[in-house]
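Observations on the three-dimensional arrangement
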Amino acid sequence: MNCKKCTIKAVIGLPRHNAAFCKACFNEFVLEQVTRAIKGERMFGRDDRILVAVSGGKDSLALWDILLKLGYKADALYVDLGIPGYSTKSREKAQRFADGVARTHEAKLLIHKVEEEEGAGIRELADLIHRPTCSTCGTIKRYQFNRAAVEQHYDVMATGHNLDDEASRLLGNVLHWQEEYLDKQGPSLPASVEGFAKKVKPLYRLSEREVAAYSVLNRIDYIVDECPMAKGSKMLLYKDVLNRLETESPGTKQAFYCGFLEKQARAPRQGSGQAQPAPASMAEKDRATLHPCATCSQPTTAEICSYCKMMARAKAGSTR
Ligand code: Q46
Ligand code: ZN
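Structure report, in brief. (Residues numbered from 1 in each chain as written. Chains lettered and ligands numbered in written order. Predicted model: local features only at pLDDT ≥ 70, side-chain atom pairs only at ≥ 80, totals over all residues. Heavy atoms only, no water.)

Quick notes on the pattern of salt bridges
Within this structure, the stated rule accounts for 19 salt bridges. The partner of Asp225 in a salt bridge is Lys89, with the nearest N and O atoms 3.0 Å apart. Remark: Lys89 occurs in helix H3 (residues 86-104) and Asp225 occurs in the loop between helix H9 (208-217) and helix H10 (234-248); sequence separation between them is 136 residues. In this structure, Glu151 and Arg147 form a salt bridge, with 4.0 Å as the shortest nitrogen-oxygen distance. With a gap of four residues between them, Glu151 and Arg147 both fall in helix H6 (residues 133-151), about one helical turn apart. Each of the salt bridges in this network shares a partner with another, and the network as a whole consists of Lys58, Asp59, Asp165, Glu208 and Lys239. (Salt bridge = Lys/Arg side-chain N within 4 Å of Asp/Glu carboxyl O. Helix = DSSP H or I, 4+ residues; strand = E, 2+ residues; numbered from the N terminus.)

With respect to unusual backbone geometry
Phi is positive for Thr7, close to 70°, though the residue is something other than glycine. Its place among the elements puts Thr7 in the segment before strand E1 (12-14). Taking relative accessible area as the criterion, Thr7 reaches 57% and is therefore assigned exposed. Positive phi, normally seen in glycine, also occurs at Glu106, with a value near 60°. (Buried < 20%, exposed > 50% of the residue type's maximum accessible area, 1.4 Å probe, protein only.)

Some remarks on the layout of surface pockets
In this approach a probe as big as a water molecule rolls over the atoms, and the regions it shows empty are the leftover space. Empty space within the second largest pocket amounts to approximately 260 Å³. Along its surface, the second largest pocket is lined by 13 residues, and Ser207, Arg209, Asn243, Glu246 and Lys253 are the ones closest to its centre. The set of elements that each furnish at least two residues to the lining of the second largest pocket consists of H9 and H10. Among the residues making up the lining of the second largest pocket, the classes are represented as three nonpolar, three polar and seven charged. (1 Å grid on protein atoms, 1.4 Å probe; cavity = no way out; pocket = protein on both sides within 12 Å on 5 of 7 lines; lining within 4 Å. Points joined across faces, edges and corners; volume = space filled by probe spheres on them. Nonpolar A, V, L, I, M, F, W, Y, C, P; charged D, E, K, R; others polar.)

What about the coordination of the zinc ion (ligand 2)?
For the zinc ion (ligand 2), every protein donor is listed as Cys293 (SG), Cys296 (SG), Cys305 (SG) and Cys308 (SG), and the spread of their distances is 2.2 to 2.4 Å. Coordination at the zinc ion (ligand 2) is tetrahedral, judged from the four donor atoms that bind it and the angles of 103 to 114° they form at the metal. Ordering the donors of the zinc ion (ligand 2) by residue number gives the pattern C-x2-C-x8-C-x2-C. In this pair, Cys293 is assigned in the loop between strand E9 (291-292) and strand E10 (299-300) and Cys308 in helix H13 (residues 306-319), connecting sequence segments 15 residues apart. Accessibility expressed as a relative area gives 3% for Cys293, which makes it buried. (Donors = N, O, S within 2.8 Å, 3.2 Å for Na, K, Ca; no water. Tetrahedral: all angles 85-135°; square planar, octahedral: opposite > 155°, others 65-115°.)

Things to note about the sheet that holds strand E3 (residues 49-54)
What the six strands build is an open sheet, ordered E5-E4-E3-E6-E8-E7; its pairing is mixed. Looking along the sheet, the strands with just one partner apiece sit at the ends: strand E5 (109-113) and strand E7 (188-189). Here strand E6 (residues 156-158) pairs with strand E8 (residues 198-200) via three bridges, running parallel. Pairing of Met157 across the sheet is with Lys199, part of E8. Running over the sheet, helix H2 (residues 58-69) touches E3, strand E4 (73-80), E5 and E6 and is turned about 155° from E3. Sitting on the sheet, H6 touches E3, E4, E5, E6 and E8, and the angle it makes with E4 is about 145°. (Pairing = 2+ DSSP bridges. Contact = heavy atoms within 4.5 Å. Axes fitted to C-alpha atoms, helices over the stretch in contact; angles between N-to-C directions.)

Put into structure tokens, the structure is as follows:
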């Protein structure tokens with residue numbers, strides 16, 4: 001198998017593109033795909049300050065690496081969830097990348113420790129409020145990343161979600177007809193209101209296998225183990241199903257997700273034929289109902305934001 005571009009021996013075959021590449025041409029391919037995503041979705045420009053959400057895993061570290069190679073100003077934030085064993089290991093991987101590649105680009109790593117800020121790790125907090133660990137984790141990570149991005153004046157927050165992540169999430173949303181989530185599923189979500197950072201996913205054109213190959217070929221030292229809490233998650237099942245379809249019919253994931261994005265972009269407004277007044281956009285509706293949380297000042301539609309409510313419940317639980 002030879003490289004499609006330069007004809008030397010290939011190191012990776014990409015059935016969905018009917019191609020194979022050597023290391024140099026594969027790296028070029030990866031950088032091109034990310035550039036297309038950034039430009040096509042108008043994610044950010046050369047002067048914008050980007051905050052990358054890193055977990056120590058292959059996707060987020062590869063994203064940080066690619067953005068720095070492309071010449072963007074990208075710092076990163078790691079949220080330490082306090083999961084025994086896993087958090088220490090994954091934080092070390094993020095720190096090692098920050099001390100090596102990132103430092104040569106003068107990029108820095110910020111670290112937030114949930115245990116230090118809230119007095120308990122994610123598992124204890126979830127037990128105290130009787131909620132599943134992953135949903136507690138989701139609320140905490142969203143809050144911490146948004147707060148850091150806004151308070152430290154980053155223009156945009158970038159996450160390492162790849163094509164497999166997005167296609168499996170889409171499959172889950174379609175299977176349960178979660179239309180409100182479908183509306184919000186895209187690779188670039190604008191900062192709808194003051195106090196909410198813009199969120200982008202520059203790896204959405206690359207599969208998990210391609211991102212893993214990029215990380216290995218470029219000697220990025222990442223944590224291979226999944227978070228122990230992910231075991232048995234529906235997303236892993238959806239990924240597995242999509243991988244089986246992909247093996248039988250290369251290009252299925254891309255056709256599924258990118259087809260959805262095209263349809264979403266072309267979707268007519270509700271009603272037909274006649275010109276109708278545009279319905280109030282999400283941003284307009286949000287703006288009308290949002291105000292600062294009485295506890296932390298982050299925007300919320302209630303008096304107290306969901307993060308602060310959660311933390312108050314955890315504190316009440318721990319004193320019982
Ligand atoms: S980190 Fe958090 Fe994931 Fe671990 S606790 Fe669940 S949500 S599985 S992406
Ligand atoms: Zn709050």
